[in-house]
Amino acid sequence: MKTKFFIVVYLALALAACVKVINNSTSGTGSGGGGGSSNPSNPAPTPGQTPGTGTSTPTTPGGQTGSGGTSSGTIGTITIIYSSTAPCAPSNEVFTFTCSATGAPAGSSYAWYYGDGKTGTGLTSTNTYTNAGTYSVLVKVINNNQILGQSVLDINALGQSTTPVASFTAVAGATASTIIFTSTSTLAVGTIKNYVWDFGDGTIGSGGVNTHVYTQTTVAQLFSAKLTVSSAITACTATTTQTITIPAISGSGGGTITPPPGGSSGSGGISSGSIGNITIAFTTTAPCAPSNEIFTFNVIAPGAPSGSIYEWFFGDGNSSSGANTTNTYNTAGSYTVLVKVKNNNQILGQSTMAVTAIGQGVTPVASFYAQQTNAATTGNYYSFNSTSSLAKGSITSYVWDYNDGSNGTGSFSTHTYVQTSVQQLFTVKLTITSDAGCVSSRSQVITVPAGYSITGGFSYTSTSPCKPSSEMFTFTGPTNGVPAGAIYTWDFGDGIGGTGNPINKSYTFPNSYNVTLTITLNNSQLYKVLQPVTSFGQDVTPTASISVQQSNAAGSAWAFNSTSTVPHGTITSYAWDYGDGTTGVNAFNIKTYTQTTTAQTFIVKLTATSNANCTASATTSVIVPAK
């Protein structure tokens, strides 16, 4: 018997250390916590009912729902009910599980095992699965450190980071109106299933690479090319656009596009003169540091006689000469390049072509600072602020890697880390991208302090608010997992606080108050819980009084009016006893007595009740004359 006793005590202590339960009860005398957890290695309880198994398959990116489970134990059917949020960015797929165990006695606790190594507690609990897959979810119903029953349900998770990032390059093809589109889209988890291209001229395409020929007209045209990609697992979508320039029909043609970060090339031009077509061809180097964008131009003039010379004007004030030459554009923009073919000091012909330059200094420099918003109370909550810079252009994308399997976006971001029993170090990385497609990264190590596993909310009791008593609350905080020397700080929601555990508090006015308990150690917050409390306040017992007046000449009718008051709260009911066996319920009443051959005296009693259910009485007498 001793061996069994020690085993039970050991399991009770282990369960109490593993479960964190916060009670949000609003009852005037409700308990704020308690509960326990079980270890998956505990022996299974006696088999009970099995309500059938249920598993769901992902439906749409809008989330999914399901219920069922195979249950066993001594309390009958135990059902797991769940729903999930949409997995597509900016959302994440979060599962919410609820245990339905109608046979569970009051005060039971619930221990969850999600099948991915993580656990939870409570009648309702949430979990986020990092990876897609099928997981067996187990819930155990526990009371007095005994497992009363359990249930298992298989669910299908889609996982996180299943939304692709859309991007593509567009480079000039063999003709002025031909553009080669190549998707450079990425996806952290899974694969990209569909590519839908809208070339901006009423035609569409599919696949990762497309060559599209636009119809040229007599004027230059701008087209907004759009790529939409979707993931295979979750059908999450992402979209990006680029502006494509197609020149007017003139001379030998020639198309210009926004150069991609890897450099670009093109040829064409509008030529005139006596020696036939003159074509300008160019290539560029990558504009991203440590490189610089350098244009290399060469001229193709088959009709030029031997010994001809070539003069270049690059449209930015710079000029050069030679069949092959280079130029560096300092500022992004569209420039008209002119080449002149000369022989014996005579201009034999010339050609112009528009090129688009990204310019220099278009690679950003990534930097950021990390700050614990309140290191003393929330050491696991960080804010990250980018201080990145860019000489020319703009930063279009900020991607944060928090090093715990989650990510963020935007120049300012916040993240809450999961605390453990030991201090943790995380290497946070910021990656930024400029409008020229150039990328820069910076990393920084941050520290997340150890956390304590405190379980249970707070409980409270209150005394009667009616005279001769006064309403007094006694608040008691949790003790499971609280280290020695911890300080219990209370905010009672009325502008008054206090420290200690337990602690007494009286409210002056009737109201609902949000009471917050914060447990700290060495100026660091370990635990915090908020719970609403309803108070009747003080001076909630009414003072009963009566005003009486004869209402007719015969003296048989009398007007009774309550002049009762209550300092705090309201009077909710009036009970009259007219002394003749009849009663009334309104604040003002007219009572007609039955006259007899002799005068009668009646003792009238009023009982007033406040909203706090406190009562007070008053009496008066009336003399009804003989008829």
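Residues numbered from 1 in each chain as written. Predicted model: local features only at pLDDT ≥ 70, side-chain atom pairs only at ≥ 80, totals over all residues. Heavy atoms only, no water.

Attention now goes to the overall build of the protein. The helix and strand tally for the protein stands at 1 helix and 47 strands. Per-residue burial for the protein yields a buried fraction of 42% across its 627 residues. Across the protein, contacts joining residues at least 24 apart in sequence account for 57% of those joining residues at least 6 apart. As displayed, the protein offers around 29900 Å² of accessible surface, 52% of which is attributable to carbon and sulfur atoms. (Helix = DSSP H or I, 4+ residues; strand = E, 2+ residues; numbered from the N terminus. Buried < 20%, exposed > 50% of the residue type's maximum accessible area, 1.4 Å probe, protein only. Contact = heavy atoms within 4.5 Å. Areas by Shrake-Rupley, 256 points an atom, 1.4 Å probe, with all protein chains shown as cover.)

Summarising the element assignment, Phe 223 is placed in strand S15 (residues 221-231). Excluding its chain neighbours within four sequence positions, the residues that come into contact with Phe 223 are Phe 199, Gly 200, Asp 201, Tyr 214, Gln 242, Thr 243, Ile 244 and Ile 246.

Turning to the pairing of strand S32 (residues 424-434), a few remarks are in order. Side chains Gln 424, Phe 426, Val 428, Leu 430, Ile 432 and Ser 434 of S32 all project onto a buried face; the interleaved residues Leu 425, Thr 427, Lys 429, Thr 431 and Thr 433 project onto a face where none is buried. The sheet contact formed by strand S29 (residues 395-401) and S32 spans 6 bridges and is antiparallel. Note that in S32 the partner of Tyr 398 across the bridge is Ile 432. Examined bridge by bridge, S32 and strand S33 (residues 439-448) share 10 bridges and lie antiparallel to one another. Bridged to Leu 425 within S33 is Thr 447. A loop of 4 residues connects S32 with S33, the two strands running antiparallel in sequence, and Gly 437 in this loop sits at a positive phi of about 85°. (Pairing = 2+ DSSP bridges.)

Of all 11 residues that make up strand S8 (residues 133-143), 8 are buried, and the element is covered over most of its length. By the bridge criterion, 5 bridges tie strand S5 (residues 109-113) to S8 in an arrangement that is antiparallel. Across the sheet, Tyr 113 pairs through a bridge with Leu 138, a residue of S8. With 11 bridges connecting them, S8 and strand S9 (residues 146-157) associate as antiparallel partners. Paired with Val 139 across the strands is Ser 151, a residue of S9. Joining the antiparallel neighbours S8 and S9 is a turn of 2 residues, in which Asn 144 adopts a positive phi near 50°.

Right, let's get into the environment of Tyr 417. Relative to the assigned elements, Tyr 417 resides in the loop between strand S31 (412-416) and S32. Sequence spacing of Tyr 417 and Val 448 is 31 residues, and the spatial spacing of their C-alpha atoms is 7.4 Å. Setting aside anything within four residues of it in sequence, one finds Tyr 417 in contact with Asn 380, Tyr 382, Phe 384, Tyr 402, Asp 404, Phe 426, Val 428, Ile 446 and Val 448. Engagement of the side chain of Tyr 417 in a polar contact is seen with the backbone oxygen of Tyr 402, the distance being 2.9 Å. (Polar contact = N/O pair within 3.5 Å; in protein donor to acceptor, adjacent residues only side chain to side chain.)

Counted according to the given criterion, the structure contains 4 salt bridges. Ionic pairing is found between Glu 311 and Lys 342, a salt bridge with its closest N-O pair at 3.0 Å. Placement of the pair is Glu 311 in strand S22 (residues 309-313) and Lys 342 in strand S25 (residues 333-343), with a sequence separation of 31 residues. A salt bridge links Lys 591 to Asp 580; the shortest N-O distance between them is 2.9 Å. Of this pair, Lys 591 sits in strand S45 (residues 588-592) while Asp 580 is found in the loop between strand S43 (571-577) and strand S44 (583-584), placing the two residues 11 residues apart along the sequence. The exposure class assigned to Lys 591 is buried, which follows from its relative accessible area of 11%. For Asp 580, a relative accessible area of 31% puts it in the partly exposed group. (Salt bridge = Lys/Arg side-chain N within 4 Å of Asp/Glu carboxyl O.)

Moving on, we come to the state of the cysteines. Throughout the structure, instances matching the rule amount to 3 disulfides. Across a sulfur-sulfur distance of 2.0 Å, Cys 88 and Cys 236 are joined as a disulfide pair. Between Cys 88 and Cys 236 the sulfur-sulfur dihedral comes to about -85°; the bridge is accordingly left-handed. With Cys 88 in the loop between strand S3 (79-84) and strand S4 (95-100) and Cys 236 in the loop between S15 and strand S16 (237-246), the pair connects residues that are 148 residues apart, well separated along the chain. Cys 236 carries the same exposure label as Cys 88, and that label is buried. Here Cys 288 connects covalently by a disulfide to Cys 438, the sulfurs 2.1 Å from one another. Its torsion about the S-S bond being -85°, the disulfide of Cys 288 and Cys 438 is classed as left-handed. One end of the pair, Cys 288, is in the loop between strand S20 (279-284) and strand S21 (295-300); the other, Cys 438, is in the loop between S32 and S33, and 150 residues separate them in sequence. Judged by its relative accessible area of 17%, Cys 288 falls in the buried class. By relative accessible area, Cys 438 is classed as buried at 0%. Taken in N- to C-terminal order, the disulfide-linked cysteines of the protein are connected 1-2, 3-4, 5-6. (Disulfide = S-S within 2.5 Å.)

A few words on the sheet that holds strand S11 (residues 178-183). Pairing between the strands of a sheet is mediated by backbone hydrogen bonds and can be parallel or antiparallel. Reading across the sheet, the 3 strands line up as S10-S11-S14 and stay open at both edges, with antiparallel pairing between neighbours. The open sheet has two free edges, formed respectively by strand S10 (168-172) and strand S14 (209-213), since each of these has just one partner strand. Averaged over all neighbouring strand pairs, the angle between strand axes comes to 20°, with direction disregarded. As judged from the 5 bridges shared by S11 and S14, these two strands associate in the antiparallel manner. In the strand pairing of S14, Phe 181 is matched with Asn 210. (Axes fitted to C-alpha atoms, helices over the stretch in contact; angles between N-to-C directions.)

This part takes up unusual backbone geometry. In this structure, Pro 290 follows Ala 289 across a cis peptide bond, with omega equal to 10°. The topology assignment puts Pro 290 in the loop between S20 and S21. Its identity as a non-glycine residue notwithstanding, Ser 161 has a phi of 55°, on the positive side. As for its placement among the helices and strands, Ser 161 is situated in the loop between S9 and S10. The backbone of Asn 345 shows a phi angle near 65°, a positive value even though the residue is not glycine. Checked against the element boundaries, Asn 345 lands in the loop between S25 and strand S26 (346-357).

The strand order across the open sheet formed by 4 strands is S18-S20-S21-S24, and the pairing between neighbours is antiparallel. Bordering the open sheet on either side are strand S18 (265-268) and strand S24 (324-327), each of which pairs with just one other strand. Averaged over all pairs of adjacent strands, the angle between their axes in this sheet comes to 20°, without regard to strand direction. Here S20 pairs with S21 via 6 bridges, running antiparallel. Counterpart to Phe 282 in the pairing with S21 is Phe 297.

Moving on: the packing of aromatic side chains. What the rule picks out here adds up to 42 aromatic pairs. Their ring planes at 85° and their centres at 5.5 Å tell us that Phe 95 and Tyr 129 sit as a pair that is edge-to-face. Here Phe 95 is found in strand S4, whereas its partner Tyr 129 is found in the loop between strand S7 (124-127) and S8, with 34 residues between them in sequence. Taking the relative accessible area as the measure of exposure, Phe 95 reaches 0% and is therefore buried. Taking relative accessible area as the criterion, Tyr 129 reaches 1% and is therefore assigned buried. Summarising the aromatic geometry, the rings of Phe 368 and Phe 384 are spaced 6.4 Å apart at their centres and angled 70° between planes, so their arrangement reads as edge-to-face. Note that Phe 368 is positioned in strand S27 (residues 368-374) and Phe 384 in strand S28 (residues 378-386), a separation of 16 residues in sequence. Residue classification places Phe 368 among the buried positions, given a relative accessible area of 7%. Judged by its relative accessible area of 0%, Phe 384 falls in the buried class. Each residue in the set Phe 458, Tyr 460, Phe 473, Phe 475, Trp 490, Phe 492, Tyr 507 and Tyr 513 is aromatic and connected to the rest through ring pairs, giving one cluster. (Phe/Tyr/Trp six-rings, centres within 6.5 Å; stacked < 30°, edge-to-face > 60°.)

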